[in-house]
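# Coordinate analysis (summary)
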Amino acid sequence: MNSASATIHNSTLAPCAADPAASRGRLHPEASPAYRSEYQRDRDRIIHSAAFRRLEYKTQVFVNHEGDLFRTRLTHSIEVAQVARSIARALQLNEDLTEGIALAHDLGHTPFGHAGQDALNACMKSYGGFEHNLQSLRVVDELEERYAEFPGLNLTFETREGILKHCSLKNAAELGELGRRFIEKQQPTLEAQLTNLADEIAYNSHDVDDGLRSGLITVEALATITLFQEQYEIVRSLYPDLAPRRTIHEIVRRLIGCQVIDLVETSKAALLQANPDSTDAVRRHGEPLIDFSDSMRAKNIELKRFLRTRLYRHYRVHRMSAKAGRTITALFEAYIDDPRLMPEDAQQQVALLEKTFGKDGRARAVADYIAGMTDRYAIAEYQRTFNPAN
Ligand code: MG
């Protein structure tokens, strides 16, 4: 057996990997699953949730109706899971936990991507704000209605910890055990750390791909960016006559590959040096143990900056974002003034949360309803609410 296949077949987890048998457990205690680990059960519940299916019709950068081939939140989440699992396996970490965190990490996203999040956050300003990360947690802890014995999906502490990538100190104080790491400045599991960076690898690479497909950015412009330029040179010298589309795909796959390899090798060295013997040692470590090398980090930042100025702020993307923001704001204002404009189950949620939390509760229920919408549902609701001919 050569060393490559030995690595692939080595299923032993590192001592610092998350161990489902040592999980900090679920909010509502349950018997252990048969033939699955606790983290496998988490992942399976995420896949069966309504919020997961809605990701198919939620924007990543391009709104759903702009084209069939662009990434959506669903394909993005699956790509993050793929990248994250590769890294987890290479570092002998827990793939099931990694996959669950990756598939759930965007469940709380509003329709219309960041434009939707910003608009809803502005609407919620005097009611405690809106943050998609916290909303993802709210979806899995409370909003999913699937099980007889508990609200939400009742996931393990470690999956929930991974979903909550960041959080303000004020919100952390209200989250109990889950928020404690932000106050005590501790790290999450290595699986959570790596999934966070797998998210970056996935969106940087697929936004290059989608950006080129849309024609909003060009290969010539991207060739001024070191990370892209390096891979472009390699592909051009190996395959000088390759058709443009295949050239782009060769570059994109190599962009993912070189970042994954850098992350695995840098993190392997850091883990070897720190030698954490448990997830608790990982948590207590002063800084994340999963990271890129300094040079890859710098190249990454350069690419991100390019995408921000040339793609995310491109006037055609901005024009759609502005429309999206207005749609969300108009719906929020209409619903909060008159909740009877919403479907009955949403009205019931308003009544329930208003009874307990007053005006803040009313606003939160409206935000939950809007955040749960897909892009096309939000557009249709806008028409139904404001267009008398509709
Ligand atoms: Mg993401």
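One can find the structure itself at the top, above this paragraph.
Basis of the calculations
Residues numbered from 1 in each chain as written. Predicted model: local features only at pLDDT ≥ 70, side-chain atom pairs only at ≥ 80, totals over all residues. Heavy atoms only, no water. Helix = DSSP H or I, 4+ residues; strand = E, 2+ residues; numbered from the N terminus. Rg over C-alpha atoms; globule rule 2.2 N^0.38 Å. Buried < 20%, exposed > 50% of the residue type's maximum accessible area, 1.4 Å probe, protein only. Contact = heavy atoms within 4.5 Å. Areas by Shrake-Rupley, 256 points an atom, 1.4 Å probe, with all protein chains shown as cover. Lys, Arg positive; Asp, Glu negative; His and termini not counted. Charge placed at Lys NZ, Arg CZ, Asp CG, Glu CD. Expected span 1.5 Å × (residues − 1). Arc of directions from axis to C-beta. Core = buried A, V, L, I, M, F, W, Y, C linked by side-chain atoms within 4.5 Å. 1 Å grid on protein atoms, 1.4 Å probe; cavity = no way out; pocket = protein on both sides within 12 Å on 5 of 7 lines; lining within 4 Å. Points joined across faces, edges and corners; volume = space filled by probe spheres on them. Nonpolar A, V, L, I, M, F, W, Y, C, P; charged D, E, K, R; others polar.

Helix and strand counts for the protein chain stand at 19 helices and 0 strands. Compactness check: the protein chain gives a C-alpha radius of gyration of 22 Å against a globular reference of 21 Å for 390 residues, within 12% of the reference. Looking at the 390 residues of the protein chain, the share that counts as buried comes to 53%. Contacts in the protein chain between residues at least 24 apart in sequence constitute 71% of all its contacts with a sequence separation of at least 6. On the protein chain, roughly 19,100 Å² of surface is accessible, and the fraction owed to carbon and sulfur atoms is 51%. Distance between charge centroids for the protein chain: 3 Å, based on 49 positive and 54 negative side chains.

With 13 residues, helix 13 (residues 226-238) extends 18 Å from end C-alpha to end C-alpha; this agrees with the ideal 18 Å at 1.5 Å per step. All of the buried residues in helix 13 are Leu227, Phe228, Gln231, Tyr232 and Val235. Along the axis of helix 13, the buried positions cluster into a sector of 120°, meaning they face one direction only. Along its buried surface, helix 13 packs onto helix 11 (190-214), helix 12 (219-222), helix 14 (244-274) and helix 16 (294-312).

Moving on: the nonpolar core. The biggest cluster of nonpolar side chains holds 73 residues, and the ones touching the most others in it are Ile87, Leu93, Leu107, Val208 and Phe228. The leading source of residues in this core is helix 14, at 9 residues.

By rolling a water-sized probe across the atoms, one finds the places where empty space is left. By volume, the largest pocket is sized at about 1,600 Å³. Together, 48 residues line the largest pocket, and Gln135, Arg138, Leu143, Arg364 and Asp368 are the ones closest to its centre. At the level of secondary structure, the elements contributing two or more residues to the lining of the largest pocket comprise helix 3 (50-54), helix 7 (132-143), helix 9 (169-174) and helix 18 (344-371). Ranked by the residues each element gives to the lining of the largest pocket, the list is headed by helix 18, at 14 residues. Across the lining of the largest pocket, the residue classes break down as 22 nonpolar, 12 polar and 14 charged. Estimated volume of the second largest pocket: approximately 810 Å³. Along the walls of the second largest pocket sit 31 residues, with Gln60, Arg73, His114, Tyr203 and Tyr312 positioned nearest its centre. Elements with a minimum of two residues in the lining of the second largest pocket: helix 4 (73-90), helix 6 (113-123), helix 11, helix 16 and helix 17 (315-337). For the lining of the second largest pocket, the element with the most residues is helix 11, which contributes 6 residues. When its residues are assigned to classes, the lining of the second largest pocket shows 9 nonpolar, 12 polar and 10 charged.

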